[in-house]
Every structure is written in C-alpha cells, then in structure tokens.
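Letter by letter, the chains look like this.
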Amino acid sequence: MVKLNESNYFSAEANRRWMSASQLKSFLDCPARTIAELIGRYKREETTALLVGSYVDAYFSCTLGQFRAAHPEIYNSRTGELKAEYRQAEEIIQYLSNDQLLMAMLSGESQRIVTGEIAGVPFRGKLDGLLSAEKCRAIVEEWPEMAGDLMMADGAIVDLKCIKDLEPVWVSGRGRVSVSDAWRWDLQLGIYQRLVGGNLPCFIVAVTKEKTPDKCLIQIPHYMMSAAVESVQELIPRFQAMKEGREEAPRCGKCDWCRRSKVITGAVDADELEGATS
C-alpha cells in the first residue's frame, strides 16, 4: 500500500486511493465533475485569486519553495519578484504576521498527514496546524479569553483560509449563508477531528483578499462538526462506489464541467426553464 508523504499526498494515485474533505465536498457539488477530475479529463482553473490564496498557504506551511517552483508564471522573469497582481499575497502575509494571537494559533505542527476510515471508506487529511496541549496552555496564559476553548484541551486543530471576504454567501437553494456554511468548514474540520481521534477543538484562521484585508479567528463547535459528518455518512460509500466505477456519477447540470460536456438529446419546454411562470 502507498504510504502518504509530502511528495505524493496530492498525486493521482492518492486521490484514487483515499477520500479527503476537499474531494468529498467536490462530490457533494457535482459527482460527475469529481470523477472527470480524478481520471484526468477535467482540471480546475488556477485563477489569480486562487494563486494568491495558495501562496499565503504555502508561506505558512513552510512549502513556499515548492510553490515557487510549481508556479514560475507568477514571477517577473527579469527581476524574480512577484508580478503586480500577486503582490497582495505578501501584504496578507505581513498582515497576519503582525497578529500575535493568530500567529500563536498557527504555531503548531504544520502539514501533519493523517489517515483513517469514515463510513468504511479510507480518508486522508493534511492539517495546516496541530497545536499540542502545552501550546494550548501557553496561549491561554497569554490570552485568557481563549480559556473557554483551550483550557483543558489535549491539543487543537487549526486551518488557514484565505477568502474573498467575510460577508454572507448566496448558495442556490439555501439563500444567504455564512462563509463557514457556504464552504462547509464544519464538514472539513469534522473529518479532520475524526481522523486525529478524540474531540480536539477546531479553529479557522480566516483572512480576506480585500484591498484592505480583514481577519478572524473562528471556532467551529463540536455539535456542528458532528452533525455535518453525520449528514453525509450514507453518501460517502456511494461516492466511493462512483470512484470504483460501481455506480454512475450523476451530473449537477450547472457547473463548468457539466456545461462543457453537455450533449443535447431533445428540446426543453419554455415553461420548464428556471424562473418560468405559467
């Protein structure tokens, strides 16, 4: 069996062998697109905003060297400096680095790889930060306001998110929801919590890509994480069956992959269109 490490964690083989929080969230959005990505027929677009966030992630995970090697296009070939549209990443890094509490929360073991099973399916996770019990106590001593979350903790899981802003997000069928709900952070951290074992408190360090960045430390309650994982327990084996070719992966009909691969087989009545009135 393949042993996961830094060099093969994101490999095609690892993606096929293990489910992950990001892969699960992708299945929830569109199973057909997820399968197309797994077999190499689809690749997500690397936008400027995405690369800015990835640069920030790489800096705090101490993998900036690998990121630079993989993305030479973001640097000026003559000066070696970041191109203008990517310089915001350095500003965000400086902004976070000036916040002592957030830096303490991000000071744990970086990029810990964990594996396990959820609903009988192999899962993997890569933690941005895993605080020890000792570091939790040190944080409480410096910031007593954190005592309610960390005083008796055996450790804590911390994830860094570089996002557009902290405003509510419109989600089809659900309306305006919080950024945490929109990006399913409760599900992601709930999976990490189960893979690590125990009930470690879980936090999001969120920083925005606005012209003047904003930041926030978000604690995800245990009940939210537990409910999020429980809500997909029955779906996980079905998604695994789709990965193994035992079940057809349905199309969402709305994503870029579904539009790109769409085949017309007949006409649609005008009164069946979304928003149509009789």
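Residues numbered from 1 in each chain as written. Predicted model: local features only at pLDDT ≥ 70, side-chain atom pairs only at ≥ 80, totals over all residues. Heavy atoms only, no water.

Could you give me a rundown of the overall build of the protein, with the residues and numbers involved?
Tallying secondary structure elements over the protein gives 14 helices and nine strands in all. Against the compact-globule benchmark of 19 Å for 278 residues, the protein has a radius of gyration of 20 Å, which places it among compact chains. Each principal axis of the C-alpha atoms in the protein carries an extent, and together these give about 65 × 50 × 50 Å. Within the protein, the proportion of its 278 residues that are buried is 44%. Taking the contacts inside the protein whose residues are at least 6 apart along the sequence as the reference set, 64% of them involve residues at least 24 apart. Put simply, the protein shows about 15600 Å² of open surface, and 49% of that area lies on carbon and sulfur atoms. (Helix = DSSP H or I, 4+ residues; strand = E, 2+ residues; numbered from the N terminus. Rg over C-alpha atoms; globule rule 2.2 N^0.38 Å. Buried < 20%, exposed > 50% of the residue type's maximum accessible area, 1.4 Å probe, protein only. Contact = heavy atoms within 4.5 Å. Areas by Shrake-Rupley, 256 points an atom, 1.4 Å probe, with all protein chains shown as cover.)

Tell me about the pattern of salt bridges, and please be specific about residues and values.
For the structure shown, the criterion picks out ten salt bridges. A salt bridge links Lys215 to Asp99; its shortest N-O distance comes to 3.1 Å. Of this pair, Lys215 sits in strand S9 (residues 215-220) while Asp99 sits in the loop between helix H6 (88-97) and helix H7 (100-105), and the two are 116 residues apart along the sequence. By relative accessible area, which is 25% here, Lys215 ends up partly exposed. (Salt bridge = Lys/Arg side-chain N within 4 Å of Asp/Glu carboxyl O.)

Help me get a handle on the sheet that holds strand S2 (residues 112-118), residues and values and all.
Strand order across the open sheet formed by three strands is S1-S3-S2, with mixed pairing between neighbours. Edge strands, defined here as strands with exactly one partner in the open sheet, are strand S1 (19-20) and S2. Two elements, S1 and strand S3 (residues 121-127), share two bridges in a ladder whose sense is parallel. Looking at S3, one finds that Met19 is bridged to Phe123. (Pairing = 2+ DSSP bridges.)

Explain the pairing of S9 to me, using residue names and the numbers behind them.
Alignment of strand S8 (residues 202-208) against S9, held across six bridges, turns out to be antiparallel. Note on S9: the bridge partner recorded for Cys202 is Ile220. If you look at the hairpin formed by S8 and S9, you'll find six residues sitting between the two strands.

Please give an account of the packing of helix H2 (residues 21-29) against helix H11 (residues 185-196) that cites residues and values.
One way to put it is that H2 packs onto H11 with a least axis distance of 9 Å and a crossing angle of 140°. As judged from the angle between their axes, H2 and H11 are oblique. The handedness of the crossing between H2 and H11 is right-handed. Only Leu187, Gln188, Ile191 and Tyr192 of H11 make contact with H2, whose side of the interface consists of Ala21, Leu24, Lys25 and Leu28. A per-class count over the contact of H2 with H11 returns six nonpolar, one polar and one charged. (Axes fitted to C-alpha atoms, helices over the stretch in contact; angles between N-to-C directions. Parallel < 35°, antiparallel > 145°, perpendicular 65-115°, else oblique. Left-handed = near helix turned anticlockwise from the far one by under 90°. Nonpolar A, V, L, I, M, F, W, Y, C, P; charged D, E, K, R; others polar.)

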